[in-house]
Amino acid sequence: MNRDDSRYQAVSSRDSRFDGEFFFAVSTTGIYCRPSCPATTPKRQNVTFFPTAAAAQGGGFRACRRCRPDAVPGSADWNARADLVGRAMRLIGDGVVDREGVAGLAARLGYSARQVQRQLNAEVGAGPIALARAQRAHTARVLLQTTGLQAAEVAFAAGFASIRQFNDTVREVYALTPGELRAARPGQAARYGSVGAADGAGGVPLRLAHRGPYAAAETFDHLGARALAGAEEMVGERGDRTYRRTLTLPHGTGIAEVRERTGDGWLDCRLHLGDLRDLTTATQRIRRLFDLDADPYAVAERFGVDPVLAPLVARTPGLRAPGAADVHELAVRAVLGRGLSVAAGRRLGGALVHAYGAPLQVPSGALTRTFPDTAVLADAGMEELPGVSAAARTTVRTLAAALADGRIELDPGADRDRAEKDLLAVPGIDTWTAGYVRMRALGDPDVLLPGEAAPGSADPAAWRPWRTYATHHLWNAADERRRTGRRGRPPQAGDAMSETRQPSTHAVPHSGRATMKREGP
């Protein structure tokens, strides 16, 4: 059976596991769909497969109004791949082409624009302009269906250069005028689509799609335990919490709110933005924070034969590896909190936000400031931070200066190996910290931090390319043992060694003395 025949089987069974991994188009109707589209399965001879929505649009097909294929989760390949195409796809998703053009994208990648165009066309069936155009069309649909903005305002907020370009693109992609697309807003109970309920609460309501099961409770536990006062907060009771945080974006600031209670394959999110041009970037950064493009099926398949990980995966299906909404923030927090408990690192980070964070023009609940800009921290004395040694302050300032002037690049398209090497060149940053930044800020799914392998497990090399998820399963198991009080017995299959149980073998720069290593800042 060839690859396309396997894909047709997925379409015939409406298998949602492949949503976002590929798209199919039907020659007799001129539309393209996600694999799980509920419409009648077309005949095989009428079906063509495409790796991206942009490729399908380039082939002359319009988006299905029933399954809304532009709202699927992204392919997990782009997170796993560290090559030119993977890096380019992550940068395009972050809005780099809209802000800097194809030349800016190529410069960030270190290749010529022609090389980038050729590689993307060969791998994903569309070049950077077509990929960015598809993304702009989706952003325009979201704005039309969630706000009362005039069409002209929507056009420029979505990144179009002219009203004509906006009108032509919307008609080509959706076979509707902007006004008709606005009127076609899906109902609140709709199974498909990226538009949330318009309930008068303000902001842009979104449904952020994910693939397969999603362990929301554990993700919200992880983020809530690390929420920095002033810049983040977790409200509500476990099972019905809302995570809120401030965002620093290319055109201004914003506030994101994400609900713990999951829908049928999505998380409810609401974005309050100072400038709607930041919608695409803000959406992608929240998707990375909540690891919504992961493939839990591939992870479960790889770990299913491991004596330690198999029972952990069965107990917590869909466990995610939270990323970062702000890569510079994550790097600074990782260095500042190294060697401290999660609670102590959280207090220290909150003090940093209070001392150096920029105040919001209009506070929202407990959210009053953004995380400090690296240019500010590069010149900050940080004497206000309790218990932080002079060496640690120097490390933070050195890192902040390198991030601010671009000597260390941590954007979504950064070369992960080079970034880790550059981090290790900063005095005071050790292998564990650099690996943690690579795991979360750069979204590398294949990081195993020093000392994280569990007794009784198979060779950790067998966990590739998902060792980041192995790490999170081990941490989650340790957290569960602490919550339930299961202590005092030897490690067994299904147990996991936690960083809190492994003494550090090096001096921590914050205090100049060895301490217990703690799970990530």
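Please refer to the structure placed before this passage.
Residues numbered from 1 in each chain as written. Predicted model: local features only at pLDDT ≥ 70, side-chain atom pairs only at ≥ 80, totals over all residues. Heavy atoms only, no water.

Turning next to the overall build of the chain. When helices and strands are counted, the chain shows 21 helices and 11 strands. The contacts of the chain with a sequence gap of at least 6 include a subset with a gap of at least 24, amounting to 64%. Accessible surface computed for the chain: about 20,900 Å², of which carbon and sulfur atoms make up 50%. (Helix = DSSP H or I, 4+ residues; strand = E, 2+ residues; numbered from the N terminus. Contact = heavy atoms within 4.5 Å. Areas by Shrake-Rupley, 256 points an atom, 1.4 Å probe, with all protein chains shown as cover.)

For the rest of this paragraph, the subject is the packing of aromatic side chains. According to the stated counting rule, one finds nine aromatic pairs in the structure shown. Aromatic pair phenylalanine 18 and phenylalanine 22: ring centres 6.1 Å apart, planes at 45 degrees, arrangement tilted. According to the relative accessible area criterion, phenylalanine 22 is buried, its value standing at 3%. Measuring from ring centre to ring centre gives 6.1 Å for tryptophan 466 and tyrosine 469, while their planes differ by 65 degrees; the resulting arrangement is edge-to-face. An aromatic cluster is defined as three or more aromatic residues linked by ring pairs; in this entry it consists of Phe18, Phe22 and Phe49. Sitting over the face of the ring of tyrosine 297, arginine 17 holds its NZ or CZ atom 5.6 Å from the ring centroid. (Phe/Tyr/Trp six-rings, centres within 6.5 Å; stacked < 30°, edge-to-face > 60°. Buried < 20%, exposed > 50% of the residue type's maximum accessible area, 1.4 Å probe, protein only. Lys NZ or Arg CZ within 6 Å of the ring centre and 35° of its normal.)

Okay, the state of the cysteines next. Taken as a whole, this structure holds zero disulfides when the rule is applied. Sulfur of cysteine 67: no disulfide; nearest cysteine sulfur belongs to cysteine 37 and is 3.8 Å away. For cysteine 67, a relative accessible area of 0% translates into the label buried. (Disulfide = S-S within 2.5 Å.)

Let us look at the layout of surface pockets. Approximately 1,000 Å³ is the volume attributed to the largest pocket. Taken together, the elements giving at least two residues each to the lining of the largest pocket come down to helix 5 (96-109), strand 7 (242-249), strand 8 (252-262), helix 12 (279-289), helix 15 (327-336), strand 10 (359-364), helix 17 (374-377) and helix 18 (390-404). Partitioning the lining of the largest pocket into residue classes produces 19 nonpolar, 12 polar and 11 charged. (1 Å grid on protein atoms, 1.4 Å probe; cavity = no way out; pocket = protein on both sides within 12 Å on 5 of 7 lines; lining within 4 Å. Points joined across faces, edges and corners; volume = space filled by probe spheres on them. Nonpolar A, V, L, I, M, F, W, Y, C, P; charged D, E, K, R; others polar.)

Looking now at the environment of aspartate 444. Structurally, the position occupied by aspartate 444 is in the loop between helix 20 (431-440) and helix 21 (467-484). Residue aspartate 444 is classed as buried on the basis of its relative accessible area, which comes to 7%. For the pair aspartate 444 and proline 465, spaced 21 residues apart in sequence, the C-alpha separation works out to 9.3 Å. Setting aside residues up to four positions removed in sequence, aspartate 444 forms contacts with Arg416, Arg438, Met439 and Thr468.

Here we take up empty space enclosed by the protein. Applying the stated criterion across every chain, the model contains four cavities of 30 Å³ or more. Approximately 130 Å³ is the volume attributed to the second largest cavity. The wall of the second largest cavity is formed by 15 residues, among which Glu232, Arg245, Glu329, Arg333 and Arg440 lie closest to the centre. Mapped by element, the contributors of at least two residues to the lining of the second largest cavity are strand 7 and helix 15. The dominant element in the lining of the second largest cavity, judged by the number of residues it contributes, is helix 15, at three residues. Here the residues of the lining of the second largest cavity are counted per class, giving seven nonpolar, one polar and seven charged.

With that settled, the discussion passes to the sheet that holds strand 1 (residues 23-26). In a beta sheet, neighbouring strands pair by backbone hydrogen bonds and run either parallel or antiparallel. Spatial strand order, 3-1-2-4: four strands in an open sheet with mixed pairing. Pairing within the sheet leaves two strands with one partner each, and these edge strands are strand 3 (47-50) and strand 4 (62-63). In the sheet, strand 2 (residues 31-33) pairs with strand 4 via two bridges, with the strands oriented parallel. Paired with isoleucine 31 across the two strands is arginine 62, which belongs to strand 4. (Pairing = 2+ DSSP bridges.)

This part is about the packing of helix 4 (residues 84-93) against helix 6 (residues 113-124). The interhelical angle for the contact between helix 4 and helix 6, taken along N-to-C directions, is 95 degrees, at an axis separation of 10 Å. Considering their axes alone, helix 4 and helix 6 lie roughly perpendicular with respect to each other. For the pair helix 4 and helix 6, the contacting residues are Leu84, Val85, Ala88, Met89 and Ile92 in the first and Gln115, Val116, Gln119, Leu120, Glu123 and Val124 in the second. Grouping the amino acids of the contact of helix 4 with helix 6 by side-chain chemistry returns eight nonpolar, two polar and one charged. (Axes fitted to C-alpha atoms, helices over the stretch in contact; angles between N-to-C directions. Parallel < 35°, antiparallel > 145°, perpendicular 65-115°, else oblique.)

Turning next to the nonpolar core. Core analysis: the biggest nonpolar cluster contains 50 residues, and Tyr32, Phe166, Leu206, Leu271, Leu279, Ile286 and Phe290 have the highest contact counts within it. In terms of residue count, helix 7 (residues 128-146) provides more of this core than any other element does, five residues in total. Beyond its immediate chain neighbours, meaning those up to four positions away, leucine 279 contacts Thr139, Val142, Leu143, Val204, Leu206, Leu271 and Leu273. (Core = buried A, V, L, I, M, F, W, Y, C linked by side-chain atoms within 4.5 Å.)

Negative phi characterises most residues that are not glycine, and trans characterises most peptide bonds. Between arginine 464 and the following residue, proline 465, the backbone shows a cis peptide bond with an omega angle of 0 degrees. Within the secondary structure, proline 465 sits in the loop between helix 20 and helix 21. Positive phi, normally seen in glycine, also occurs at arginine 14, with a value near 50 degrees. With respect to the helices, strands and loops of the structure, arginine 14 is situated in the loop between helix 1 (3-12) and strand 1. Positive phi, normally seen in glycine, also occurs at alanine 175, with a value near 55 degrees. When you line up the elements, alanine 175 lands in the loop between helix 9 (163-174) and helix 10 (178-183).

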